[in-house]
Amino acid sequence: MAVNLKGRSLLTLMDFTPEEIRYLLDLAHDLKAKKRAGSTNYLLKGKNIVLLFEKTSTRTRCAFEVAALDEGAHVTFLDAGSSQMGKKESLEDTAKVLGRFFDGIEYRGYKQEAVEALAKYSGVPVWNGLTDVDHPTQILADLLTIEEHISKPLKKVKVVFAGDIRNNMCYAWMYGCAKMGMHFVAFGPEELSSQLDKDAINKVYEVASYTGAKIEISNSPECVKNADVIYTDIWASMGEEEQIPERVKLLTPYKVTMELLKTTGNDDVIFMHCLPSFHDFETKMAREQKQLNYDIREVTDEVFRSRHSVVFDEAENRLHTIKAVIVATIA
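Residues numbered from 1 in each chain as written. Predicted model: local features only at pLDDT ≥ 70, side-chain atom pairs only at ≥ 80, totals over all residues. Heavy atoms only, no water.

*Asks:* Teacher, can you tell me more about the pattern of salt bridges here?
*Replies:* Close approach of charged atoms allows side chains with opposite charge to pair. Under the definition given, this model contains 21 salt bridges. We note a salt bridge from Asp30 to Lys34, for which the minimum N-O separation is 3.3 Å. Of this pair, Asp30 and Lys34 are both found in helix H1 (residues 18–36), 4 residues apart, which corresponds to roughly one turn of the helix. Among the ionic pairs, Arg297 bridges to Asp295, the shortest N-O distance being 2.8 Å. Classification of Asp295 by relative accessible area gives partly exposed; the value is 24%. (Salt bridge = Lys/Arg side-chain N within 4 Å of Asp/Glu carboxyl O. Helix = DSSP H or I, 4+ residues; strand = E, 2+ residues; numbered from the N terminus. Buried < 20%, exposed > 50% of the residue type's maximum accessible area, 1.4 Å probe, protein only.)

Structure below.
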């Protein structure tokens, strides 16, 4: 069946069929190969997109800008200090204005309701660059990376997310794995599993029932056995410093170490991370917390720099998958 995503928004992978996600991944593979060959068709020539950033970013901003420019589009960047959105102008009014100027809108911020409102009122495709509960463009990059490094179909791949299983990346992974029929394990403290959004989990199980996916939640290290991918994310972000003592105590048993990788029994297991990562003490925040006797590293430097780590291939693939999303929806 032919797939046509023109005019569609990417708010969450839960809105897409497995076939549509497969189409985006195939398109990303193709666009990546063309970029490496120095070939482009300028598929976005004459298009204009705007990037709305309430949260700072390195990979998401760079990926959207380079992806658009590669294909001939023009990019406008607006951060929290350079627009009136939510201050002197409502989100609805902002969306209606931007929809008159731009062919597509990217939003990176806090509430999922904000990106949904932009899609509702703008009249143009809107792309979710991250919210508090989802990160769909990251999952597309992660799936592309898995296909490049693991020589078996996604339906046979087991992904274990270790650590703070309440965060947006864990939910995003559940959605992606459910849709693509994969085996996913949320590996974290029992007290966090009880705080998971029950409605979201029920929807994931419902999708898994027809795709053949297996979705599990566990606090036992035994759950990593036969994993193909070990994934983690930081335990605390800037502005959450007051939560660090509690987070470190709660999540240190779920730190990704070489011992944990060995527990998988898979010598070819890969380590993935959406970045940025606290894997050493070369950042201001990690050094400051170390002086307070808190080790906030969610992964050891040994793992991060090991042959198992594909984090920089993964980071590059943000570009190619985001380019696929833009091309598929507005070209």
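After that view of the structure, there is still more to cover.
*Asks:* Could you clarify how one ought to interpret the side chain of His273 in this entry?
*Replies:* For His273, the position within the fold is in strand S9 (residues 270–273). Since its relative accessible area comes to 1%, His273 is described here as buried. Engagement of the side chain of His273 in a polar contact is seen with the backbone nitrogen of Leu275, the distance being 2.8 Å. With residues near it in sequence (within four places) discarded, His273 still touches Tyr231, Thr232, Asp233, Ile234, Glu298, Val311 and Glu314. (Polar contact = N/O pair within 3.5 Å; in protein donor to acceptor, adjacent residues only side chain to side chain. Contact = heavy atoms within 4.5 Å.)

*Asks:* Would you take a moment to explain the sheet that holds strand S5 (residues 158–162) for this structure?
*Replies:* In any sheet, the strands associate via hydrogen bonds between backbone groups, in a parallel or an antiparallel arrangement. Taking strand neighbours across the sheet as the criterion, the 5 strands line up as S7-S6-S5-S8-S9 in an open arrangement whose pairing is parallel. On the outer flanks of this sheet lie strand S7 (214–218) and S9, each paired with one strand and no other. When strand polarity is set aside, the average angle formed by the axes of neighbouring strands in this sheet is 20°. Sheet topology note: the S5/strand S6 (residues 183–187) ladder contains 5 bridges and is parallel. For Val159, the partnering residue across the bridge sits in S6 and is Phe184. (Pairing = 2+ DSSP bridges. Axes fitted to C-alpha atoms, helices over the stretch in contact; angles between N-to-C directions.)

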